[in-house]
Amino acid sequence: AQSVTQLDSHVSVSEGTPVLLRCNYSSSYSPSLFWYVQHPNKGLQLLLKYTSAATLVKGINGFEAEFKKSETSFHLTKPSAHMSDAAEYFCVVTGSNDYKLSFGAGTTVTVRA
Amino acid sequence: GAGVSQSPSNKVTEKGKDVELRCDPISGHTALYWYRQSLGQGLEFLIYFQGNSAPDKSGLPSDRFSAERTGGSVSTLTIQRTQQEDSAVYLCASSYKFDYEQYFGPGTRLTVT
């Protein structure tokens, strides 16, 4: 079985400051890990994915995440937050079947002007 | 190109009525998935289609829920005798193959009164 835990339900940052969203995973197999973003009344959009290649993964809109097996973590970061980054972010893991996505509870990001 | 579309975007129904939710996947995508997003349960996998077959229905919460896919394209999720706990956003996703990136639709918000 696989699961993810998002350590913060809500993160508030000032525009132009770094963003850190924390995610820990549990998996019996070598996992594939993803971060998705959901803007209000919009569908989920893939930000980035890790599939056992490079441990530092770069995604869209300046986001990146680092896979740390020793810490079972896959934290999402962005050096400088923009107002448009205000959204809900989901850390996701797949199991051995590689299609059933298991979602974390989500982290809501608020960006202050 | 066109993304995943879902209809209706919003559906309000009375308890005990049947509802049908529709998903149009991206053209050429062989895999299709249904997920449910609710306040209490977060995002949950419901069912996976490969072509017109559903090899994994493990997430369907009860026998009131069923889904079909025709022509390897459009899928319909049917909920019979709706209950208030069925109120949620129902998300559809599709992918080129089962282990490729899943693209999500905007969802159907179902409210059971």
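On a predicted model such as this, the values are computed, not experimentally measured, just so you know.

Participant: Please explain the overall build of chain B as it appears in this structure.
Facilitator: Across its full length, chain B holds zero helices and 11 strands. In sequence order, the secondary structure elements of chain B are arranged as β-β-β-β-β-β-β-β-β-β-β. On C-alpha atoms alone, chain B measures out to a radius of gyration of 13 Å, which is about the 13 Å that the 2.2 N^0.38 rule sets for 113 residues. Counting only C-alpha atoms and orienting by the principal axes, one finds that chain B spans roughly 35 × 25 × 25 Å. Across the 113 residues that make up chain B, the buried fraction comes to 45%. Intrachain contacts of chain B at a sequence separation of at least 6 include 54% that bridge at least 24 residues. For chain B, the exposed area adds up to about 5,500 Å²; of that, 45% sits on carbon and sulfur atoms. Chain B carries 11 positive and 12 negative side-chain charges, and their two centres are separated by 3 Å.

Participant: Help me understand the packing of aromatic side chains, please; the structure alone is not making it clear to me.
Facilitator: Residue and element names in this part refer to chain B. What the rule picks out here adds up to 17 aromatic pairs over all chains. Arranged with centres 5.9 Å apart and planes meeting at 75°, the rings of Tyr35 and Phe45 form a pair that is edge-to-face. Taken together, the residues span a long stretch of sequence, with Tyr35 in strand β4 (residues 31–38) and Phe45 in strand β5 (residues 42–50) at a distance of 10 residues. Exposure class is identical for Tyr35 and Phe45. Each is buried.

Participant: I would appreciate a short explanation of the side chain of Ser102 of chain A in the present structure.
Facilitator: Looking at where Ser102 of chain A falls in the secondary structure, it is placed in strand β11 (residues 101–103). A distance of 3.5 Å separates polar atoms of two side chains, one belonging to Ser102 of chain A and the other to Gln2 of chain A.

Participant: Would you mind showing me how to read the interface of chain A and chain B here?
Facilitator: The accessible area lost on association of the parts is a frequent measure of interface size. Each side of the interface is counted separately: chain A has 13 residues, and chain B has 16 residues. Between chain A and chain B, roughly 1,300 Å² of surface is buried when both sides are summed, and carbon and sulfur atoms account for 58% of that area. At the junction of chain A with chain B, the criterion picks out one salt bridge. We note a salt bridge from Lys100 of chain A to Asp56 of chain B, for which the minimum N-O separation is 3.4 Å. Among the secondary structure elements, those contributing two or more residues to the side of chain A that touches chain B are β5 (32–38), β6 (44–50) and β11 of chain A. Counting residues per element, the side of chain A that touches chain B draws most heavily on β6 of chain A, which supplies three residues. Of the residues assigned to the side of chain A that touches chain B, the class counts are seven nonpolar, three polar and three charged.

Participant: For this particular structure, what's the right way to read the side chain of Asp85 of chain A?
Facilitator: Residues and elements named next belong to chain A. As for its position among the elements, Asp85 is in the loop between β9 (73–78) and β10 (87–94). From its side chain, Asp85 meets the backbone nitrogen of His82 in a polar contact 2.8 Å long. If we skip the residues at most four places from it in the chain, Asp85 touches Phe63, Lys78, Ser80, Val109 and Val111.

Participant: In this structure, what is going on with the environment of Ile26 of chain B? I would like to understand it.
Facilitator: Residue and element names in this part refer to chain B. Structurally, the position occupied by Ile26 is in the loop between β3 (19–24) and β4. Placed 23 residues apart in sequence, Ile26 and Gly3 show a C-alpha to C-alpha distance of 5.5 Å. Excluding residues within four positions of it along the chain, Ile26 makes contact with Ala2, Gly3, Val4, Ser94 and Tyr103.

Participant: Can you walk me through the state of the cysteines in this structure?
Facilitator: Should the sulfur atoms of two cysteines be covalently bonded, the bond is a disulfide. One pass over the structure, following the stated rule, counts two disulfides over all chains. Each sulfur of the disulfide joining Cys23 of chain A and Cys91 of chain A lies 2.0 Å from the other. Linking Cys23 of chain A and Cys91 of chain A, the disulfide has an S-S dihedral of approximately -70° and is accordingly described as left-handed. Linking Cys23 of chain A in strand β4 (residues 23–26) with Cys91 of chain A in strand β10, this pair joins segments that are 68 residues apart in sequence. Neither residue differs from the other here; Cys23 of chain A and Cys91 of chain A are each classed as buried. Across the disulfide from Cys23 of chain B sits Cys92 of chain B; the S-S distance is 1.9 Å. Classification of the bridge connecting Cys23 of chain B and Cys92 of chain B rests on its S-S torsion, roughly -65°, and on that basis the disulfide is left-handed. Placement of the pair is Cys23 of chain B in strand β3 and Cys92 of chain B in strand β9 (residues 88–95), with a sequence separation of 69 residues. By relative accessible area, which is 0% here, Cys92 of chain B ends up buried.

Participant: What exactly am I supposed to notice about the pairing of β4 of chain A here?
Facilitator: Within a regular strand, the side chains alternate between the two sheet faces. Residue and element names in this part refer to chain A. Burial of the side chains of β4 is restricted to one face: Cys23 and Tyr25 are buried, whereas none of Asn24 and Ser26 on the reverse face is. Sheet topology note: the strand β1 (residues 3–6)/β4 ladder contains four bridges and is antiparallel. When the bridges of β4 are listed, Gln6 appears paired with Cys23.

Rules behind the numbers
Residues numbered from 1 in each chain as written. Chains lettered and ligands numbered in written order. Predicted model: local features only at pLDDT ≥ 70, side-chain atom pairs only at ≥ 80, totals over all residues. Heavy atoms only, no water. Helix = DSSP H or I, 4+ residues; strand = E, 2+ residues; numbered from the N terminus. Rg over C-alpha atoms; globule rule 2.2 N^0.38 Å. Buried < 20%, exposed > 50% of the residue type's maximum accessible area, 1.4 Å probe, protein only. Contact = heavy atoms within 4.5 Å. Areas by Shrake-Rupley, 256 points an atom, 1.4 Å probe, with all protein chains shown as cover. Lys, Arg positive; Asp, Glu negative; His and termini not counted. Charge placed at Lys NZ, Arg CZ, Asp CG, Glu CD. Phe/Tyr/Trp six-rings, centres within 6.5 Å; stacked < 30°, edge-to-face > 60°. Polar contact = N/O pair within 3.5 Å; in protein donor to acceptor, adjacent residues only side chain to side chain. Buried area = accessible area lost by both parts, 1.4 Å probe. Salt bridge = Lys/Arg side-chain N within 4 Å of Asp/Glu carboxyl O. Nonpolar A, V, L, I, M, F, W, Y, C, P; charged D, E, K, R; others polar. Disulfide = S-S within 2.5 Å. Pairing = 2+ DSSP bridges.

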